[in-house]
Amino acid sequence: MKIKITGDTTNDLPSELIKKYNITLKPIIVNLGEQEYRDGENIKLEEVFDFVDKTGQLPKTAALNPLEFEEFFKQQLESDGGYDALIYFSLSSEISSLYQNALAASKQFNNVYVIDSKTLSTAIGLQILYACELREQGLSAKEIVEKVEARKQYAQASFVLDTLKYLHKGGRCSGLAVFGANLLKIHPSIILKDGKMGVGKKFRGKYKDVVLEYVDSILEIYPNFDKKRCFITYTTIEDDIVDAIKEKIKDKFDEIIVSTASCTIGSHCGRNTIGILYYTDGGVNE
């Protein structure tokens, strides 16, 4: 069975993995004022941050509509000599309308499967790579979807923020909270639970120390990690901080993948955001 695995640019997978597994991503539209861009194609994250600094406004992202999804699914099914089935991974339905729109479009096909990842960034990437590995084992599209659905609750996504400015602009925290965080040099962590973003532990101090304390905290909260792989995903960050995280977790994971956040993800959390993302079920028996 020939199966096409797809997603959009919110999964933050590195280009080499996208190429290796022949994954096709549909770019999310990012609007900076009146100018429209395609995430991952003709805009860089630093341009997003510069826009926010100059205008005080967040970019506006546009979810693909059902017709766009229908055209995308048809095109991908017919590509590379044709596929027997297609699986699309969506950003959490609690965050975006991408899932509902993709699901509506899938009703026009009998071989398109839409997965609500219930998460974001490379926690979606974890699910996509798992699906690719199951495909290589010869499983059918239905079997792959069943296994991914059963495991997706264990795809841990969390980040630590340098600033609350972007969450405040997006209406996710009050001006008073921002003022207090800046005054006390508080850096909150954001943890995805049931598809929604929530505030986790709050840290104080120099940012490098904060980041390493965050890593310790997440590993303590989710100690039953699958050793196979871990993503370190960030918007912008000093190289020595990434290296320090690698050093801290190198004996815990067989593969550590460093990834840069997309414009869509980065526009909601700002500069110097970083997280570790991994499966928390200790691995699964295939």
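Residues numbered from 1 in each chain as written. Predicted model: local features only at pLDDT ≥ 70, side-chain atom pairs only at ≥ 80, totals over all residues. Heavy atoms only, no water.

A. Region of interest: the overall build of the protein chain. The helix and strand inventory of the protein chain stands at 11 helices and 14 strands. Computed over C-alpha atoms, the radius of gyration of the protein chain comes to 19 Å, within 12% of the 19 Å expected from 2.2 N^0.38 for 286 residues, which places it in the range of a compact globule. C-alpha extents for the protein chain along the principal axes are approximately 55 × 50 × 30 Å. A total of 286 residues make up the protein chain; the buried ones form 54% of that total. Here the protein chain displays about 13,300 Å² of accessible surface, and carbon together with sulfur accounts for 46% of that area. Here the protein chain contributes 36 positively and 41 negatively charged side chains, and the mean placements of these two sets differ by 3 Å. (Helix = DSSP H or I, 4+ residues; strand = E, 2+ residues; numbered from the N terminus. Rg over C-alpha atoms; globule rule 2.2 N^0.38 Å. Buried < 20%, exposed > 50% of the residue type's maximum accessible area, 1.4 Å probe, protein only. Areas by Shrake-Rupley, 256 points an atom, 1.4 Å probe, with all protein chains shown as cover. Lys, Arg positive; Asp, Glu negative; His and termini not counted. Charge placed at Lys NZ, Arg CZ, Asp CG, Glu CD.)

B. Looking closely at the packing of helix α3 (residues 66-78) against helix α4 (residues 98-106). Packing of α3 against α4 leaves a shortest axis separation of 8 Å and a crossing angle of 55°. The pairing of α3 with α4 is recorded here as oblique in orientation. As for how α3 packs across α4, the hand of that crossing is right-handed. Contacts between α3 and α4 involve Pro66, Phe69, Glu70 and Phe73 on the former and, on the latter, Leu98, Asn101, Ala102, Ala104, Ala105 and Ser106. (Axes fitted to C-alpha atoms, helices over the stretch in contact; angles between N-to-C directions. Parallel < 35°, antiparallel > 145°, perpendicular 65-115°, else oblique. Left-handed = near helix turned anticlockwise from the far one by under 90°. Contact = heavy atoms within 4.5 Å.)

C. Looking closely at α4. Where α4 is concerned, the buried positions are Leu98, Tyr99, Asn101, Ala102, Ala105 and Ser106. Within α4, the buried residues cover an arc of 165° as seen down the axis, which keeps them to one side. Buried-residue contacts for α4 involve β1 (3-8), α3, β6 (85-90) and β7 (112-116). (Arc of directions from axis to C-beta.)

D. Main features of the sheet that holds strand β5 (residues 60-62). Pairing within the open sheet is antiparallel, and its three strands lie in the order β4-β3-β5. Only two strands of the sheet have a single partner each, and these edge strands are β4 (35-38) and β5. When the angles between neighbouring strand axes are averaged without regard to direction, this sheet yields 30°. Sheet analysis places strand β3 (residues 29-32) next to β5, joined by three bridges and oriented antiparallel. Residue pairing in the sheet places Ile29 in a bridge with Ala62 of β5. (Pairing = 2+ DSSP bridges.)

E. Highlighting the environment of Tyr154. Of note, Tyr154 is situated in the loop between α6 (141-151) and β8 (155-156). Counting along the chain gives 72 residues from Tyr154 to Asp226, while the straight-line C-alpha distance between them is 9.6 Å.

F. Highlighting unusual backbone geometry. Phi is positive for Lys118, which is not a glycine, with a value near 60°. Take Lys118: it is sitting in the loop between β7 and α5 (122-136). Residue classification places Lys118 among the partly exposed residues on the basis of a relative accessible area of 31%. Positive phi values are uncommon outside glycine, yet Asn272 reaches one of about 55°. With respect to the element layout, Asn272 can be found in the loop between α11 (263-266) and β14 (274-279).

G. Here's a closer look at the nonpolar core. Judged by nonpolar contacts, the single largest core of 53 residues is most densely connected at Phe73 and Phe89. Among all residues touching Phe73, those that are not within four sequence positions of it are Leu86, Tyr88, Ala102, Ala105, Ser106, Phe109, Val112 and Val114. Within the second largest apolar cluster, 25 residues are counted, among which are Ile191, Tyr214, Phe225 and Ile237. (Core = buried A, V, L, I, M, F, W, Y, C linked by side-chain atoms within 4.5 Å.)

H. Broad picture of the packing of aromatic side chains. Enumeration according to the criterion identifies nine aromatic pairs in this entry. Their ring planes at 50° and their centres at 6.0 Å tell us that Phe72 and Phe73 sit as a pair that is tilted. Judged by its relative accessible area of 0%, Phe73 is buried. A network of ring pairs unites the aromatic residues Phe69, Phe72, Phe73, Tyr88 and Phe109 as a single cluster. Directly above the ring of Tyr83 sits Lys2, whose terminal nitrogen or CZ lies 4.7 Å from the centroid. (Phe/Tyr/Trp six-rings, centres within 6.5 Å; stacked < 30°, edge-to-face > 60°. Lys NZ or Arg CZ within 6 Å of the ring centre and 35° of its normal.)

I. Quick look at α6. Burial in α6 covers these residues: Ala141, Ile144, Val145, Val148 and Arg151. Down the axis, α6 shows its buried residues gathered within 140° of arc, on one side only.

J. Region of interest: the side chain of Asp8. Tracing the sequence through the fold places Asp8 in strand β1. At 2.4 Å, the side chain of Asp8 forms a polar contact with the side chain of Thr10. When residues no more than four places from it in sequence are discounted, the contact partners of Asp8 are Leu25, Lys26, Ile28, Tyr88, Phe89, Ser90, Leu91 and Leu98. (Polar contact = N/O pair within 3.5 Å; in protein donor to acceptor, adjacent residues only side chain to side chain.)

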